[in-house]
Amino acid sequence: MTELLQGVLVAAGIATAVLALAWASSAALAVGAGRPAAMALGDPLLEVCRLLRQRRRTTVSADVALWRLGGWGLLPVALLLGALVPWGEEALVPTSLGVVWANTLDVLVWALVWLLGWGANSVAGLVGGYRFLALALGYELPLMFALVAPAMAASSLDLAVIAGSQEGLWYAVWMPAAFAAYLLGVLGFAVQGPLSAPAGQETSGGVLAELSGPDLLVVRVGRHALLGAGAAVAVPLFLGGGSGPWLPDPVWVVVKALVLTASLAYLAGRLPVLRVPRLLEIGWVVVLPLVVLQDLVVAVVVVR
Amino acid sequence: MGLTQQLLGLATRRPRCYVVEAPGGASQRMAVERELDARGWRPAWSPASADVLVVCGELLPELAQAADLLWSQLPGPRARMTVTDPGEAGAGLDEVRRQLTDDPAQRRAARERDRDEVSPRLASHGDMDHGEMDHGEMDHGEMDHGDMDHGDMDHGDMDHGDMDHGDMEMAPGGIALAEGADDRDGLEMDVLTHPLGPLLDRWPGGLELRLTLHGDVVGDASARRWGSREQDRPFQVAAWDAVATTLSLAGDERGAHAARGIRAAMIDEVEVPTGSAARLRTRVARLAAWSVVPDSVATTLLDLTSEADHAPRPTLRVGELVRGRDLADVRLLIASHSPLLATDEHEAAARD
Amino acid sequence: MVETSGVLVDIAFWVCAAVAVGFGVLVFVVDSMARATYALALSFVATGGALLLMQQSYLGVIVVLMMVMEMAVMAVYMVMFMGMNPALMPMSMVHSHRWAIGAAVTTFVVLGSGAVLVPWPTRRGAPSPDVTDALGRAIMESHMLVMMIVGPVMVATIVVGVVLSSARTRYDRFGDDLDQPAADPPQEVR
């Protein structure tokens, strides 16, 4: 019984952490885009109140089941990613295949964002959904190859083991290409920053065009939560997990996740939105070869 | 109760306004944008999540229906305002905020709206008289659409309910299915007629663009101008307005904000801060180099904002400009070329 | 405790099985390509869940990962090739169904009876502590080099296939010597 209670408490803590990261992501993104910091910090609360008050709407012949599934599924995926992160000694859901589960969860976003665009039965939504799949083909392969690098170096797919095997030198330092490709992937499945064309403004918001009220709120929270959760997963993968002086491990994980989220979101806010063909070019022609070379370097180091 | 009032205050602290420009309403729109910037209210990018509909300029009777269709897209609680005098933009925004905060009135309006507009749950098949409702999809010839951007598929709350499929040929929800035609690669793709305008955010007022889409590529385009010729304003203002709108559409909020600052300086006829114009031009060139905006967009913007004395005559045909581009590029192209677009009505359609 | 968890695993297995079969049937019943595709995805996810329950964690998670990705891409192709279906119109997903039903029932009877009637050997020893490692070694240890090469070769084949079938390639954008500035928008086929 106490185990169950403990589990519930930990789950609540993780949910709070992911939502806090979502808040940080939203504020940092706004600051990166030029909004004053005070407004950027207060905007999430104001938008939550505004959108909760707003009425829901639908369109003609919308595929409501798939539409709502796509929209409301983003936040649970982010929470599940949070459950994979070893916040202390081990994660809420300890598994020896944490890396592969993290990858599976971010592939779920493929389905969810396309369904979000499809379900609305609107031109803007369809264009956004298809753009997302094209974009996903560009960032997903570099992301998957980037995930191979820390797993190779630690000889394990377990996030806790990978976090523990970074004594001395964080993986982010000697696997920069993998780290960068991973962060690009995070921006991709969070549909933010340079990879936010599926929700781009030239198509009236793309997949967001027909949403209102609570439906829009969960999608926006979900996007930022995905960015935060992706950054949280990067902490054991590339930033040494909970290692650090003085403070206990969970605090370090939270601090690192927060700093990474804020920096990534700030950068995403500063960079312009890339057009989809451009990202496909960059992803396949530049980033993928670099990451494969990175994997080669890691493999050589590990074998030696 | 105190908590409800507090939450209501938070919910209406910074309403999202969907700003559309009526023909001849450019200076009013710029005044509204300035007011919104000063208050820190971010504009809405789609009417589906907007609180306020702001119509800038005087609305022609022909476009009133378009504005009403846009109004019906707002989910509520909602407010509406028309700005005819640039100076009263601020007062108008205060007023709409007060209207949004008035909860009992909003609830009343919502109940009336639910009663008046047919809901799919309440209406039966026999009650609907298609003649009364102007959904535009039934009669493509007339200008019945308001919110063009959402095209044929979007009615907000309205739905035609459950159709008996046997009665009419393949027209779910009353909208006919698309026919196929060859696109630029010779593949047979469904053809979608997607109207943009005449009332749309960050769009020249009164320009109605009918696109024939294959997927998201424009195969054919025909344009029509509603409303009279725009009032004369200094060309440089229009040029920097084009820069601001394009950068806003491209997602570069910082650049758009800077461009709006330069535009305001031009309107007020004060000295533009040294170097800011040059910095912004470099920024636009860099965006084209990174392929964030198409090359033609950046070239046009740089030409417009160069120090040349003469203002080019507006003679560009919209149809030729957008043929073969994809849907997102269309918005960027129209925004960047807006001072150059021909302003006569009934333009000839550009054939593929 | 062991008994309770055994019962729970049994219940979970039967739930996964029911979901897999139910959603598989739904694929042929629903009226929309997108719904059919994602019903299939859910069916595969349930199959992955069943694999997880059999303690094949790596296989289970890989099934889920790959199937969701494939369904996302397949949805695009189904919508593309199925003409005017995307509306929620009643449509028939089957053709020559008498042959198909016959073949399906026969296959099910053969495989099912094999699974039930074959005298499976009793387990000798215990599963190794790291099941994933053991699986990897069993599959690949003697053919590691081949396995490593097959993956990139397949990717290269897919990419080359797409390039060969594309009507408009780099040479149309950059000119015959790949030295002209990129055409924007891409030109018609030269």
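Residues numbered from 1 in each chain as written. Chains lettered and ligands numbered in written order. Predicted model: local features only at pLDDT ≥ 70, side-chain atom pairs only at ≥ 80, totals over all residues.

Here's the deal with the overall build of chain A
Point 1. On a plain count of helices and strands, chain A comes out with twelve helices and zero strands.
Point 2. Starting at the N terminus, the α and β elements of chain A follow one another as α-α-α-α-α-α-α-α-α-α-α-α.
Point 3. For 304 residues, the compact-globule estimate of 2.2 N^0.38 gives 19 Å, and chain A sits close to it at 19 Å.
Point 4. Viewed in the frame of its principal axes, chain A has a C-alpha envelope of about 60 × 50 × 40 Å.
Point 5. Across the 304 residues in chain A, those meeting the buried criterion constitute 66%. (Helix = DSSP H or I, 4+ residues; strand = E, 2+ residues; numbered from the N terminus. Rg over C-alpha atoms; globule rule 2.2 N^0.38 Å. Buried ≥ 20, exposed ≤ 12 C-beta atoms within 10 Å, placed from the backbone.)

Examining the overall build of chain B
Point 1. A count of helices and strands for chain B gives eleven helices and seven strands.
Point 2. Taken across its 352 residues, chain B has 47% of its residues classed as buried.
Point 3. Of the contacts formed within chain B by residues at least 6 apart in sequence, a portion of 70% connects residues at least 24 apart. (Contact = placed C-beta atoms within 7 Å.)

Here we look at the sheet that holds strand β3 (residues 79–83) of chain B
Residues and elements named next belong to chain B.
Point 1. Taken together, the three strands give an open sheet; going across it, the order is β1-β2-β3, and neighbouring strands pair in parallel fashion. This sheet does not close on itself; its edge strands, each paired only once, are β1 (17–21) and β3. Each adjacent strand pair in this sheet contributes to an overall mean axis angle of 15°, direction not counted.
Point 2. Relative to β3, strand β2 (residues 52–56) runs parallel, the two being bridged by five bridges. Bridging from a neighbouring strand, C56 pairs with V83 of β3.
Point 3. Against the sheet, helix α4 (residues 89–101) touches β2 and β3, its axis set at about 170° to β3. (Pairing = 2+ DSSP bridges. Axes fitted to C-alpha atoms, helices over the stretch in contact; angles between N-to-C directions.)

Digging into the packing of helix α9 (residues 176–189) of chain A against helix α12 (residues 276–303) of chain A
All names here are of chain A.
Point 1. The N-to-C vectors of α9 and α12 enclose an angle of 135°; their axes lie 8 Å apart at closest approach. The angle between α9 and α12 falls in the class oblique. Here α9 runs over α12; the crossing is left-handed. Only V287, L290, V291 and Q294 of α12 make contact with α9, whose side of the interface consists of A177, A178, A181 and L184.
Point 2. For the contact of α9 with α12, the class distribution of residues is seven nonpolar, one polar and no charged. (Parallel < 35°, antiparallel > 145°, perpendicular 65-115°, else oblique. Left-handed = near helix turned anticlockwise from the far one by under 90°. Nonpolar A, V, L, I, M, F, W, Y, C, P; charged D, E, K, R; others polar.)

Points about the pairing of strand β6 (residues 207–214) of chain B
Residue and element names in this part refer to chain B.
Point 1. Across the eight residues of β6, seven count as buried, placing the element largely inside the fold.
Point 2. Sheet topology note: the strand β5 (residues 188–196)/β6 ladder contains six bridges and is antiparallel. Paired with P195 across the two strands is R210, which belongs to β6.
Point 3. For β6 and strand β7 (residues 217–225), the ladder comprises eight bridges, and the chain directions are antiparallel. Considered in β7, the bridge of L209 is made with A223.
Point 4. Hairpin connection from β6 to β7: two residues lie between these consecutive antiparallel strands, with G215 at a positive phi of about 70°.

Things to note about the sheet that holds β5 of chain B
Residue and element names in this part refer to chain B.
Point 1. An order of β4-β5-β6-β7 is seen for the four strands of this open sheet, with the pairing classed as antiparallel. If you trace the sheet from one side to the other, it starts and ends with β4 (180–182) and β7, each paired once. In this sheet, neighbouring strand axes are inclined to one another by 35° on average, regardless of whether the strands run parallel or antiparallel.
Point 2. Of the pairings in the sheet, the one linking β4 to β5 comprises three bridges and is antiparallel in character. When the sheet's bridge partners are listed, D182 is paired in β5 with E188.

Topic: the confidence of the model for chain B
Residues and elements named next belong to chain B.
Point 1. Taken as a whole, chain B shows an average pLDDT of 79; of its residues, 79% reach a score of 70 or greater.
Point 2. Between residues 120–168, whose pLDDT stays under 50, and residues either more than four places distant or in other chains, the model counts 86 contacts.
Point 3. In this model, residues 347–352 is a region of pLDDT below 50 whose contacts with residues beyond four sequence positions or in other chains number 17 contacts.
Point 4. As a predicted assembly, this complex carries a pTM of 0.88 together with an ipTM value of 0.91. (pLDDT = per-residue confidence, 0-100.)

A look at helix α11 (residues 327–337) of chain B
Point 1. Of all eleven residues in α11 of chain B, eleven are buried; the element is thus mostly enclosed.
Point 2. Those residues of α11 of chain B not exposed but buried are L327, A328, D329, V330, R331, L332, L333, I334, A335, S336 and H337 of chain B.
Point 3. Its buried side turned inward, α11 of chain B meets α6 (123–154) of chain A together with β6, β7, α6 (235–249), α9 (295–304) and α10 (318–322) of chain B.

Comments concerning the domain arrangement of chain B
Residue and element names in this part refer to chain B.
Point 1. Its domain assignment divides chain B into domain 1 (2–116) and domain 2 (179–352).
Point 2. A C-alpha centroid distance of 25 Å is found between domain 1 and domain 2.
Point 3. Between domain 1 and domain 2, the residue contacts involve 22 residues of the former and 18 residues of the latter.
Point 4. Elements with a minimum of two residues in the side of domain 1 that touches domain 2: β1, α2 (26–39) and α3 (61–73).
Point 5. Among the elements that line the side of domain 1 that touches domain 2, the one with the most residues is α2, at six residues.
Point 6. In terms of residue class, the side of domain 1 that touches domain 2 is made up of 13 nonpolar, four polar and five charged. (Domains from an automatic or database assignment.)

Let's talk about the interface of chain A and chain B
Point 1. The interface of chain A with chain B comprises 39 residues on the first partner and 43 residues on the second.
Point 2. Mapped by element, the contributors of at least two residues to the side of chain A that touches chain B are α2 (37–53), α6 and α10 (213–238) of chain A.
Point 3. With six residues, the top contributor of residues to the side of chain A that touches chain B is α2 of chain A.
Point 4. Residues of the side of chain A that touches chain B, tallied by class, amount to 16 nonpolar, 14 polar and nine charged.

Some remarks on the nonpolar core
Point 1. Ranked by size, the top nonpolar core spans 227 residues in total, and within it L21, W110, A111 and Y182 of chain A together with V68 of chain C carry the most contacts.
Point 2. It is α6 of chain A that provides the largest number of residues to this core, a total of 17 residues.
Point 3. For L21 of chain A, the residues in contact, after removing those within four places along its chain, are A225, G228, A229, A231, A232, A257, L258 and T261 of chain A. (Core = buried A, V, L, I, M, F, W, Y, C linked by C-beta atoms within 7 Å.)

Overview of the packing of helix α1 (residues 2–32) of chain A against α10 of chain A
Residue and element names in this part refer to chain A.
Point 1. Direction vectors running N to C along α1 and α10 enclose 105°, while the axes themselves pass 7 Å from each other. As the angle between them shows, α1 and α10 are arranged roughly perpendicular. Contact with α1, carried on its side by V18, L19, L21, A22, A24, S25 and S26, involves V221, H224, A225, L227, G228, A229, A231 and A232 of α10 and no other residues of that element.
Point 2. Residue classes in the contact of α1 with α10 are distributed as eleven nonpolar, four polar and no charged.

Focus on the environment of I101 of chain C
Point 1. Here I101 of chain C is to be found in helix α4 (residues 97–117).
Point 2. Once the C-alpha coordinates of I101 of chain C and Q55 of chain C are considered, the two residues, 46 residues apart in sequence, prove to be 33 Å apart.

Observations concerning helix α5 (residues 98–119) of chain A
All names here are of chain A.
Point 1. If you check α5, its first and last C-alpha atoms are 31 Å apart, about what 22 residues at 1.5 Å a residue would give, namely 32 Å.
Point 2. The buried fraction of α5 amounts to 22 of the 22 residues, a majority that puts the element mostly inside the structure.
Point 3. Phi for N121, located one or two positions after α5, is positive at around 55°. (Expected span 1.5 Å × (residues − 1).)

As for the pairing of β1 of chain B
All names here are of chain B.
Point 1. Within β1, five of the five residues are buried, which leaves the element mostly enclosed by the surrounding structure.
Point 2. Burial of β1 is two-sided: the residues C17, V19 and E21 facing one way and the residues Y18 and V20 facing the other way are all buried.
Point 3. The sheet contact formed by β1 and β2 spans five bridges and is parallel. The residue bridging C17 from the neighbouring strand is V52, located in β2.
Point 4. Remark: the β1/α2/β2 crossover connection has left-handed handedness. (Right-handed = clockwise from strand over helix to strand, strands pointing away.)

With respect to the environment of A67 of chain B
Point 1. Its location among the elements puts A67 of chain B in helix α3.
Point 2. Under the C-beta neighbour-count criterion, A67 of chain B is labelled buried, with 21 such atoms within 10 Å.

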